[in-house]
Amino acid sequence: MEKALRALCLGGKIRRKSVANIAIRCVSTIVEPPSEEPPIPQYEDRHNEDTAVKRARLLYQSRKRGMLENGLLLSTFAAKHLDSLTEDQLIRYDSLINKPSNDWEIYHWATGAKPVPEEYNTDIMKLLKAHVMNEDRTVRLQQPSLYS
């Protein structure tokens, strides 16, 4: 093992050092390969989208989050509020659920575990936080039906 470390570190010029010392000296020479993961694409705002189409898309996106916690929170929020939101509020809700690259961020903001960034601290976030508080103690163990 020591020979392998010597070969990797400084062309094997380190002599009679312990493996730990060689490893410590090697840390500065290790180069990480570039990431092979594709970058997360930037979300593009959908200008001139029909309001009915936007509501349908947001309803679908509220239900299909990739994590159960947000699927339940956002689908029940959408079922309760989506039909009554104005066009400007729909745009802010669209931004909230689609621009953050990590769904856990949305969850932590909505539950109050982390402070909400200024750009998302809107009337929609206040509605979502109130929904999360669930003061009327509504049972939300599954997503609401798409068809009433």
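Scroll up for the structure.
Here the structure is a predicted model, which is why all the values come from computation and not from measurement.

Quick look at the packing of helix 5 (residues 87-98) against helix 7 (residues 123-133) now. One can describe the packing of helix 5 onto helix 7 by two numbers: an axis separation of 9 Å at closest approach and a directional angle of 70 degrees. When the axis of helix 5 is compared with that of helix 7, the two are roughly perpendicular. Taken together, the residues of helix 7 that come into contact with helix 5 (itself represented by Gln-89, Arg-92, Tyr-93 and Leu-96) are Asp-123, Ile-124, Met-125 and Leu-128. A class-by-class count of the residues in the contact of helix 5 with helix 7 yields five nonpolar, one polar and two charged.

Here we come to the side chain of Gln-89. Along the chain, Gln-89 turns up in helix 5. For Gln-89, a relative accessible area of 15% translates into the label buried. Only 2.9 Å separates the side chain of Gln-89 from the backbone nitrogen of Thr-86, close enough to count as a polar contact.

Counting 18 residues, the largest nonpolar core has Leu-82, Tyr-93, Leu-96, Trp-109 and Leu-128 as its most contacted members. Only helix 4 (68-81), helix 5, helix 6 (103-111) and helix 7 provide two or more residues apiece to this core. Residues contacting Leu-82, with those up to four places away along its chain left out, are Arg-55, Leu-58, Leu-59, Phe-77, Leu-90 and Tyr-93.

Turning next to the side chain of Thr-76. By the element assignment, Thr-76 lies in helix 4. A distance of 2.7 Å separates the side chain of Thr-76 from the backbone oxygen of Leu-72, its partner in a polar contact. When neighbours within four sequence positions are excluded, Thr-76 is seen to be in contact with His-131, Arg-140, Gln-142 and Pro-144.

With that settled, the discussion passes to the packing of aromatic side chains. Evaluation of the coordinates by the stated rule reveals three aromatic pairs. Look at Phe-77 and Tyr-93: their rings are 5.4 Å apart centre to centre, the planes differ by 35 degrees, and that puts the pair in the tilted class. Here Phe-77 is found in helix 4, whereas its partner Tyr-93 is found in helix 5, with 16 residues between them in sequence. Residue classification places Tyr-93 among the buried residues on the basis of a relative accessible area of 0%. Here the aromatic rings of Trp-109 and Tyr-120 are separated by 5.2 Å at their centres, their planes lie at 25 degrees, and the arrangement is stacked. Taken together, the positions of Trp-109 in helix 6 and Tyr-120 in the loop between helix 6 and helix 7 put the pair 11 residues apart, joining distant regions of the chain. Relative accessible area serves as the criterion here: at 9%, Tyr-120 is assigned to the buried category.

Further remarks concern helix 6. Owing to its 3.6 residues per turn, the α-helix brings residues three or four apart onto one side. Listed as buried for helix 6 are Asp-103, Ile-106, Trp-109 and Ala-110. Burial along helix 6 is one-sided: seen end-on, the buried residues are contained in an arc of 125 degrees. Considering only its buried residues, helix 6 is in contact with helix 4, helix 5 and helix 7. The residue sitting at the N-terminus of helix 6 and contributing the capping side-chain oxygen is Asn-102; that oxygen lies 2.8 Å from the backbone nitrogen of Trp-104.

For the rest of this paragraph, the subject is unusual backbone geometry. You will see that Asn-48, though not glycine, has its phi angle at about 65 degrees, which is positive. Within the element layout of this structure, Asn-48 appears in the loop between helix 2 (19-26) and helix 3 (51-63). A relative accessible area of 83% places Asn-48 in the exposed class. The residue Arg-137 is not glycine, and still its phi comes out positive at about 55 degrees. Take Arg-137: it is sitting in the segment after helix 7. Arg-137 gets classed as exposed once you look at its relative accessible area, which sits at 64%.

Quick notes on the rules
- Residues numbered from 1 in each chain as written.
- Predicted model: local features only at pLDDT ≥ 70, side-chain atom pairs only at ≥ 80, totals over all residues.
- Heavy atoms only, no water.
- Axes fitted to C-alpha atoms, helices over the stretch in contact; angles between N-to-C directions.
- Helix = DSSP H or I, 4+ residues; strand = E, 2+ residues; numbered from the N terminus.
- Parallel < 35°, antiparallel > 145°, perpendicular 65-115°, else oblique.
- Contact = heavy atoms within 4.5 Å.
- Nonpolar A, V, L, I, M, F, W, Y, C, P; charged D, E, K, R; others polar.
- Buried < 20%, exposed > 50% of the residue type's maximum accessible area, 1.4 Å probe, protein only.
- Polar contact = N/O pair within 3.5 Å; in protein donor to acceptor, adjacent residues only side chain to side chain.
- Core = buried A, V, L, I, M, F, W, Y, C linked by side-chain atoms within 4.5 Å.
- Phe/Tyr/Trp six-rings, centres within 6.5 Å; stacked < 30°, edge-to-face > 60°.
- Arc of directions from axis to C-beta.

It is worth stressing that arrangement in space is one thing and function is another; only the former is reported here.
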